[in-house]
Amino acid sequence: MTQILEILLDWRALLQIAFLFSFLYLVMYHLRNSHGSLVLSGLLMLLVILWGLSRLWRLDVTSRILEIVLNSLPLMLMIIFQPELRRVLAQIGSITLARNRRRKELIGEIVNAVQNMAKRKCGALIVVECKVQLQPLIDDAIALDAHVNSLMLESIFYPKSPLHDGAVIIRGDRIVAARAILPLSGSEQISRQLGTRHRAALGVSEESDAVTILVSEESGTISISHSGKLYRDLSPAELHRMLDALVVQKGAGEFDETVRQLNEDDAPEMTGGDPSETNGGGR
């Protein structure tokens, strides 16, 4: 009992147990639907049966063979499951790369949809959830579970679609809600020329770290809202650069540098402070 307590109190032992458990869990998780899982199950069953029979009938030779097999079992497993283990290690090593690739694909689909809707002056309001979850807004909206692609976004905001009113909320790479009602900004510094869609984009950006993209149905201009500021009259290329900084890089420094470069190139105007900074805009 004392030895057990000493082991439990040894943080190094706990750390090793946690590491081994996590490693085994990851391996088994990735092997769950593969042919390797069947081989592993069969091998374990065979070893258990042989071990039980050798103990029951006192088969010394069989017991000795099992000891040799168990001592070399790690090497055997590496040889038997070489393709599966290589796939598991590749997946573990590419988690970050895969996540960034999915985010880049996500913003590519959003930019394509926004560009097409801007040409047709089709109003749109797309909210990309970041660290702060927007669950209350999702609960009050129409629940969806669809992969983000430009055709899906364009069909949702098609004027005759029953889902075109309100906002679409994106979590990860999935559209999780449509017809979401966003809180309107109560700031008195916002230009009166801005409509409800712009105030809604500013409102959600004031209460969360979400990134909101909107298309004016009157002028077809593209805007983006983040951290209580509205960046207006963006080109598709400028929108792509901003989304890359906010969604892929996810760093304030990268975003500030992107905005600075765009301002140097005489790009979008920024709204959220002095109303004189605005140049009009639709709803």
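Basis of the calculations
Residues numbered from 1 in each chain as written. Predicted model: local features only at pLDDT ≥ 70, side-chain atom pairs only at ≥ 80, totals over all residues. Heavy atoms only, no water. Helix = DSSP H or I, 4+ residues; strand = E, 2+ residues; numbered from the N terminus. Buried < 20%, exposed > 50% of the residue type's maximum accessible area, 1.4 Å probe, protein only. Areas by Shrake-Rupley, 256 points an atom, 1.4 Å probe, with all protein chains shown as cover. pLDDT = per-residue confidence, 0-100. Contact = heavy atoms within 4.5 Å. Core = buried A, V, L, I, M, F, W, Y, C linked by side-chain atoms within 4.5 Å. Pairing = 2+ DSSP bridges. Expected span 1.5 Å × (residues − 1). Bend = angle between axes of the 7 residues up to and from the residue.

Trainee: What is the right way to read the overall build of the protein from this model?
Mentor: A tally of helices and strands in the protein yields 12 helices and 8 strands. Sorting the 283 residues of the protein into buried and exposed places 39% on the buried side. Of the roughly 17000 Å² of accessible surface on the protein, a fraction of 59% belongs to carbon and sulfur atoms.

Trainee: What am I meant to see in the confidence of the model for the protein here?
Mentor: Regions with low pLDDT should not have their predicted coordinates read in detail. Scored by pLDDT, the protein comes out at a mean of 77, with 68% of its residues at no less than 70. This model gives residues 273-283 a pLDDT under 50, and the stretch forms 34 contacts once residues within four places in sequence are excluded.

Trainee: Sorry, what's going on with the nonpolar core here?
Mentor: As a rule of thumb, nonpolar side chains are buried together in soluble globular proteins. Counting residues in each nonpolar core, the largest one holds 33 residues, and the members touching the most others are Ile110, Ile126, Ile213, Ile224, Leu239 and Leu243. Considering each element in turn, this core owes the most residues, 8 residues, to helix α7 (residues 95-119). Apart from the residues lying within four places of it in its own chain, the contact partners of Ile213 are Ile110, Val114, Ala124, Leu125, Ile126, Val128, Ser223, Ile224, Leu239 and Leu243.

Trainee: Just checking my understanding: could you explain the pairing of strand β7 (residues 229-234) for this structure?
Mentor: In this sheet, β7 lies alongside strand β6 (residues 222-226) in antiparallel orientation, the contact comprising 4 bridges. The partner of Ile224 across the bridge, within β7, is Tyr231. Connecting β6 to the antiparallel partner β7 that follows it, the hairpin turn spans 2 residues, and Ser227 within it adopts a positive phi of roughly 55°.

Trainee: Can you help me understand helix α11 (residues 236-249) in this one?
Mentor: Each full turn of the α-helix corresponds to 3.6 residues, which orients residues three or four apart in the same direction. For α11, built from 14 residues, the straight-helix expectation of 20 Å at 1.5 Å per residue is met to within 8% by its first-to-last C-alpha distance of 18 Å. At Leu243, α11 is deflected by roughly 30°, the largest bend along its length. Glu238, Leu239, Met242, Leu243, Asp244, Ala245, Leu246, Val247 and Val248 are the residues of α11 that are buried.

Trainee: Help me understand helix α10 (residues 196-207) in this model?
Mentor: Compared with an ideal rise of 1.5 Å per residue, which puts 12 residues at 16 Å, α10 spans 17 Å between its outermost C-alpha atoms and is within 8% of the ideal. For α10, the set of buried residues is Arg197, His198, Ala200, Ala201, Leu202, Gly203, Val204 and Ser205.

Trainee: Just checking my understanding: could you explain the environment of Ser63 for this structure?
Mentor: By the secondary structure assignment, Ser63 is in helix α4 (residues 60-71). With 10 residues separating them in the primary sequence, Ser63 and Leu53 have C-alpha atoms 9.2 Å apart.

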